[in-house]
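# Close look at the chain arrangement
One-letter residues, chain by chain:
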Amino acid sequence: MVAHKVGWVCHAIIIFSMCPWLTRSYRDDENRQAVMSAERSSGKKEDFVNMSSVTLVVTGSIPHSDFIKLVKVSSEPVGMTGDQSFIETLFLDKVPWYETMAWKHELYNNFRQSVETAKNDGYLGGEDADPFLRFLHMCPKEHSYESGIYEWVSARRIPEDVQENIAQQAELFAGAAQSLQSAVTGVKEWIAAKKDFAHWIQQKIEEEVDWTRVLEREIKQVRIFLFMENIAGFGNTLLLKRTEGVLKNMKFNISSNSKPNTHVSETLDSVVTTIGMEPSSEATPEIISQRHPEWKVPSGNWSQQFLALVTEAYDFQPDVVISAPATSYDYNLRPLLATALGKWEANGRDSVKVALLTYLRPKMKRGANEHNQAMFQDHHSWVEPLLAKKARLPDWPTIWLGEYDSGSSAEESELQAPIEPMGVGKNSIGVLIPELDNQLQQPFSTDVAKVLAEKAESDLVLFAYLHAEEPVRDYLLLARELSRQRGSRAIVVMTRMKCVPRHDHKEHEFRNMQAMLQNLTKRDGAFRGTLKVIRAESGGSIWWNPDKMTCDEVPKKDLELPHIGVEGGEELRAALA
């Protein structure tokens with residue numbers, strides 16, 4: 001298969017606590033009510049959005065099992081981004097409010113097409129598909145990469161058209177809730193039946209592996225080498241772990257002339273590197289190793305990690321190599337990876353030299369011939385002997401997996417092999433069907449998540465896992481509309497409030513969630529201090545410094561109102577009382 005590129009409600013919270021930053025919140029409630037009362041008595045029209053019916057809880061990173069359980073118990077719609085988290089939301093029977101990132105437009109477009117296909121295949125009716133597609137269309141979208149706009153400046157305010165759009169979303173959701181839910185059920189069942197990645201990968205391995213060699217072994221095991229050269233964040237560790245789980249559950253019945261219907265199990269070797277990671281990423285080799293001691297996670301610079309990755313593969317002598325999903329596939333690195341772990345020829349030239357130069361060229365200094373020559377010679381002195389070992393090893397097939405609904409042909413990939421896109425598109429190979437029952441049955445790992453789940457039994461608790469700043473604003477506005485419909489307060493839970501310091505690029509101007517939140521909640525901001533924000537992260541809270549354009553950890557007692565800090569479940573319970 002060749003893949004292609006594919007009126008408002010006011011509430012008062014009275015808190016009795018020994019924590020000084022909690023008692024401050026009560027005084028702030030008095031202050032913001034006084035501001036609104038004064039403006040109403042003077043007849044002045046409110047020129048801000050009153051968010052006093054909404055409380056935002058920022059939890060920080062939580063265990064995935066707690067994440068899943070909070071999505072399950074929360075009200076709808078669930079704010080979600082990414083790919084596997086989006087699929088999990090569907091399989092938890094939740095209507096998604098999907099944030100489309102710049103690199104996820106193919107996933108979004110293919111998902112819309114899958115809804116149509118599921119309708120045509122009889123998994124859902126048009127009366128359910130149509131409002132679901134309209135709702136998805138209203139959800140936030142970054143500029144696609146195809147648009148040519150890679151960086152922009154976010155409006156850290158509330159344009160009039162945004163409020164109108166949010167009101168329409170809430171109205172559609174309220175009027176078509178049953179149809180939206182039926183659509184989720186139908187498309188989920190279609191994905192399970194038609195787009196199960198586990199079926200595709202087992203068939204692919206059966207087609208590619210030299211089973212004669214496997215059957216000659218005393219222990220009949222197929223050796224699978226699974227790697228990810230650029231983990232690109234903790235979310236992708238989940239994809240890798242689930243891929244690993246799929247592979248471990250596979251069983252093969254292989255027949256040959258001498259050994260009919262032979263049962264073959266698998267043995268798996270998994271390696272994760274961070275060769276192409278951004279310097280500011282939290283997903284360091286040390287933290288990945290702590291979270292996943294079962295993986296081999298080399299550290300050091302790119303050459304040390306590349307050496308460790310390739311050496312591990314050569315020592316393991318696999319029957320098949322699989323490059324795991326969501327790998328970034330740095331284009332300059334692809335020939336070097338393919339030379340080491342796949343099949344790559346440089347049109348009759350020295351493949352190792354060409355591959356190494358392809359990777360090093362962007363790092364070389366213009367006009368610095370001696371420096372460049374020294375850099376090349378230094379790396380070539382160990383790369384060529386390392387890769388020469390491959391010629392003495394049995395050959396193996398390599399399966400290159402792409403991000404969800406993002407693949408390329410062999411000609412375009414720089415690998416001389418197709419990158420097979422996971423996802424739900426026509427040319428995609430399927431998704432990792434989440435197995436959630438076990439996680440849902442586990443007790444909560446954190447007291448904060450447990451308290452929020454208890455609140456969901458009586459309150460309107462909404463959950464969002466987002467990536468950029470304008471969706472943070474819009475989801476909070478949607479929560480306000482939903483709270484007005486229900487006539488009660490809304491508690492919005494966000495596990496991530498990303499803060500982006502200034503680097504050479506401008507991501508700090510449009511994906512800086514913390515900067516957006518601070519701008520909205522300051523006294524002269526759009527929310528005029530009416531949104532209560534409870535920071536429940538472990539330890540300090542990350543705060544955007546607009547003067548230095550840095551992200552600093554601030555003790556919770558020093559947070560600026562209306563942000564207040566809590567530690568643990570009991571303090572959170574008091575703050576939400």
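So, how was this worked out
- Residues numbered from 1 in each chain as written.
- Predicted model: local features only at pLDDT ≥ 70, side-chain atom pairs only at ≥ 80, totals over all residues.
- Heavy atoms only, no water.
- Helix = DSSP H or I, 4+ residues; strand = E, 2+ residues; numbered from the N terminus.
- Polar contact = N/O pair within 3.5 Å; in protein donor to acceptor, adjacent residues only side chain to side chain.
- Contact = heavy atoms within 4.5 Å.
- Phe/Tyr/Trp six-rings, centres within 6.5 Å; stacked < 30°, edge-to-face > 60°.
- Buried < 20%, exposed > 50% of the residue type's maximum accessible area, 1.4 Å probe, protein only.
- Disulfide = S-S within 2.5 Å.
- Salt bridge = Lys/Arg side-chain N within 4 Å of Asp/Glu carboxyl O.
- Core = buried A, V, L, I, M, F, W, Y, C linked by side-chain atoms within 4.5 Å.

## Section: the side chain of Thr358
The topology assignment puts Thr358 in helix H14 (residues 351–360). Among the polar contacts made by the side chain of Thr358, one reaches the main-chain carbonyl oxygen of Val354 at a distance of 2.7 Å. With residues near it in sequence (within four places) discarded, Thr358 still touches Asn332 and Pro335.

## So, the packing of aromatic side chains
For the structure shown, the criterion picks out 17 aromatic pairs. A centroid spacing of 4.4 Å and a plane angle of 35° characterise the contact between Phe86 and Tyr98, whose relative ring orientation is tilted. Of this pair, Phe86 sits in helix H3 (residues 84–91) while Tyr98 sits in strand E3 (residues 96–98), placing them 12 residues apart in sequence. When its relative accessible area of 2% is taken as the criterion, Tyr98 is described as buried. Geometrically, the ring pair formed by Tyr314 and Trp396 is tilted, given 6.2 Å between the ring centres and 50° between the ring planes. Here Trp396 lies in the loop between helix H15 (369–388) and strand E8 (398–404) and Tyr314 lies in helix H12 (residues 302–316), a separation of 82 residues in the sequence. Considered together, Tyr314 and Trp396 belong to a single accessibility category, that of buried residues. Grouped by ring-pair contacts, the aromatic residues Phe86, Tyr98, Phe111 and Phe132 constitute a single cluster.

## Observations regarding the state of the cysteines
Per the counting criterion, the structure on display carries 1 disulfide. Covalently, Cys499 is tied to Cys551 through a disulfide, its sulfur atoms 2.1 Å apart. Its torsion about the S-S bond being -85°, the disulfide of Cys499 and Cys551 is classed as left-handed. One end of the pair, Cys499, is in the loop between strand E11 (490–494) and helix H20 (513–521); the other, Cys551, is in strand E14 (residues 550–554), and 52 residues separate them in sequence. Under the relative-accessibility criterion, Cys499 is labelled buried at 15%. The exposure class assigned to Cys551 is partly exposed, which follows from its relative accessible area of 22%.

## Some words on unusual backbone geometry
Here the amide bond leading from Glu76 into Pro77 is cis, since omega sits at 0°, within 30 degrees of zero. Along the polypeptide, Pro77 turns up in strand E2 (residues 75–80). For the bond from Leu561 to Pro562, the omega torsion is 10°, close enough to zero to count as cis. Along the chain, the position of Pro562 falls in the loop between E14 and strand E15 (563–565).

## Details of the pattern of salt bridges
Throughout the structure, instances matching the rule amount to 27 salt bridges. A salt bridge links Arg213 to Asp319; the nearest nitrogen and oxygen atoms lie 3.5 Å apart. One end of the pair, Arg213, is in helix H9 (residues 211–215); the other, Asp319, is in the loop between H12 and strand E7 (320–323), with 106 residues separating them in the sequence. By relative accessible area, which is 0% here, Asp319 ends up buried. Note that Lys296 is salt-bridged to Asp269, the shortest N-O span being 2.9 Å. One end of the pair, Lys296, is in the loop between helix H11 (285–291) and H12; the other, Asp269, is in strand E6 (residues 262–272), and 27 residues separate them in sequence. Here Lys296 falls in the partly exposed class, since its relative accessible area comes to 38%. By relative accessible area, Asp269 is classed as buried at 4%.

## Let's talk about the nonpolar core
The nonpolar side chains of soluble globular proteins are, as a tendency, buried together. Residues Ile205 and Leu476 are the most contacted members of the largest nonpolar core, which totals 127 residues. Of the residues forming this core, the biggest block, 7 residues, is contributed by helix H19 (residues 469–486). Judged by nonpolar contacts, the second largest core, of 37 residues, contains Leu356, Tyr359, Leu360 and Trp400.

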